[in-house]
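Residue-level structure breakdown
The primary structure of each chain is shown beneath.
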Amino acid sequence: MLISGRGSNLQALIDAFGPQVPGSPVRIVLVLSNRADARGLERAARAGLRTAVIDHKSFSTRDDFDSAMDREIRAAGAEFVALAGFMRLLTARFVTSWQDRMINIHPALLPAFPGLDTHKRALQAGVRFHGATVHFVRHETDIGPIIAQAAVPVLPGDDEQTLAARVLEAEHRLYPFALRLVAEGKVRVEEERVTIAAANFASSAVLNPAGPV
Ligand code: GAR
């Protein structure tokens, strides 16, 4: 799991798949941060997980930074990478070497609002629904085959903070939901689109795993 800050999505993943969960389809072997002050590191340590910090500022190129991360990730025995609020752009080389084995959560209904300030831009655009997306990582920022999305309404009177809080709550349900699908081998990428193979899989669960709005 790669983080840069608060780590609330990491916490949702720890709650779903951490060492305390018997029979978990996911084993978290490393929580890696590019910032030593990331609050998520404390969450990981509290859960008894291995942590590491690789400060991007100590590398002169993105390639060197990504190579150092890659070595750390592989040394931990990881087979899969989940970005959980990891706020660095990744090089094509790194992304390609984890092709279809690296996922990200983004706080918008992609392909709408890639990049930063998604909640502010959603309010400015006047959309009626906003939300979050879990997708496989490709070289372009916040683009890649979509695994699952959670929609939340934009309510009259919302500001950036209230909307962000509603989306974040949905993220915390969405990310474990999506990672479980992948870990259980139910997700296939074909021609840059994801198909989900699951018995009795209700399409409404994909549209809104966060529950009715
Ligand atoms: C989350 O809202 C996540 O979707 C977003 O950063 C936040 C991290 O919060 N990620 C991105 O914007 C990536 N493009 P957290 O550290 O509490 O999980």
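To be clear, the structure that these remarks concern was listed above.
Attention in this report is confined to the structure presented alongside it. (Residues numbered from 1 in each chain as written. Predicted model: local features only at pLDDT ≥ 70, side-chain atom pairs only at ≥ 80, totals over all residues. Heavy atoms only, no water.)

Per the secondary structure count, the chain includes seven helices and nine strands. Over its C-alpha trace the chain gives a radius of gyration of 17 Å, about what one expects of a compact globule, namely 17 Å for 213 residues. The principal-axis extent of the C-alpha atoms belonging to the chain is close to 45 × 40 × 35 Å. Within the span of the chain, comprising 213 residues, buried residues form 46% of the whole. Counting only carbon and sulfur atoms, one obtains 52% of the accessible surface of the chain, whose full area is about 10800 Å². In the chain, the 24 positive side-chain charges and the 23 negative ones have mean positions that sit 2 Å from each other. (Helix = DSSP H or I, 4+ residues; strand = E, 2+ residues; numbered from the N terminus. Rg over C-alpha atoms; globule rule 2.2 N^0.38 Å. Buried < 20%, exposed > 50% of the residue type's maximum accessible area, 1.4 Å probe, protein only. Areas by Shrake-Rupley, 256 points an atom, 1.4 Å probe, with all protein chains shown as cover. Lys, Arg positive; Asp, Glu negative; His and termini not counted. Charge placed at Lys NZ, Arg CZ, Asp CG, Glu CD.)

Our next topic: helix α3 (residues 62–75). With 14 residues, α3 extends 20 Å between its outermost C-alpha atoms, agreeing within 8% with the 20 Å of an ideal straight helix rising 1.5 Å per residue. Where α3 is buried, its residues contact β1 (2–3), β2 (31–33), β4 (81–83) and α4 (92–97). Downstream of α3 by one or two residues, G77 has phi in the positive range, about 85 degrees. (Expected span 1.5 Å × (residues − 1). Contact = heavy atoms within 4.5 Å.)

Quick look at the side chain of H56 now. In this structure, H56 sits in the loop between β3 (51–53) and α3. Residue classification places H56 among the buried positions, given a relative accessible area of 17%. A distance of 3.5 Å separates polar atoms of two side chains, one belonging to H56 and the other to R88. Not counting the four nearest positions on each side in its chain, H56 is found in contact with N34, F65 and R88. (Polar contact = N/O pair within 3.5 Å; in protein donor to acceptor, adjacent residues only side chain to side chain.)

Another point: unusual backbone geometry. For the bond from L110 to P111, the omega torsion is 10 degrees, close enough to zero to count as cis. One non-glycine residue with positive phi stands out, namely E192, at about 65 degrees. Structurally, E192 can be placed in the loop between β8 (187–190) and β9 (193–196).

Let's shift gears to the pairing of strand β6 (residues 129–136). Within β6, seven of the eight residues are buried, which leaves it mostly tucked inside the rest of the structure. Pairing geometry for strand β5 (residues 102–106) and β6, over four bridges, is antiparallel. By the bridge assignment for β6, I103 is matched with F136. (Pairing = 2+ DSSP bridges.)

Okay, the packing of aromatic side chains next. Under the criterion given, the structure shown has one aromatic pair. With a centroid separation of 5.9 Å and an interplanar angle of 55 degrees, the aromatic rings of F59 and F65 are classed as tilted. F59 sits in the partly exposed class, given a relative accessible area of 27%. Overall, the relative accessible area of 3% leaves F65 in the buried class. (Phe/Tyr/Trp six-rings, centres within 6.5 Å; stacked < 30°, edge-to-face > 60°.)

Here we come to the site of the ligand. Around the ligand, the structure places R6, G7, S8, N9, G85, M87, I105, H106, P107, D142, L168 and E171. Within the contact set of the ligand, an oxygen atom lies 2.6 Å away from a side-chain nitrogen or oxygen of S8. The contact in question runs from an oxygen atom of the ligand to an N or O atom on the side chain of E171, over 2.7 Å. Considered on its own, the ligand offers 450 Å² of accessible surface; in the complex 87% of this is hidden by protein. (Near = heavy atom within 4 Å.)

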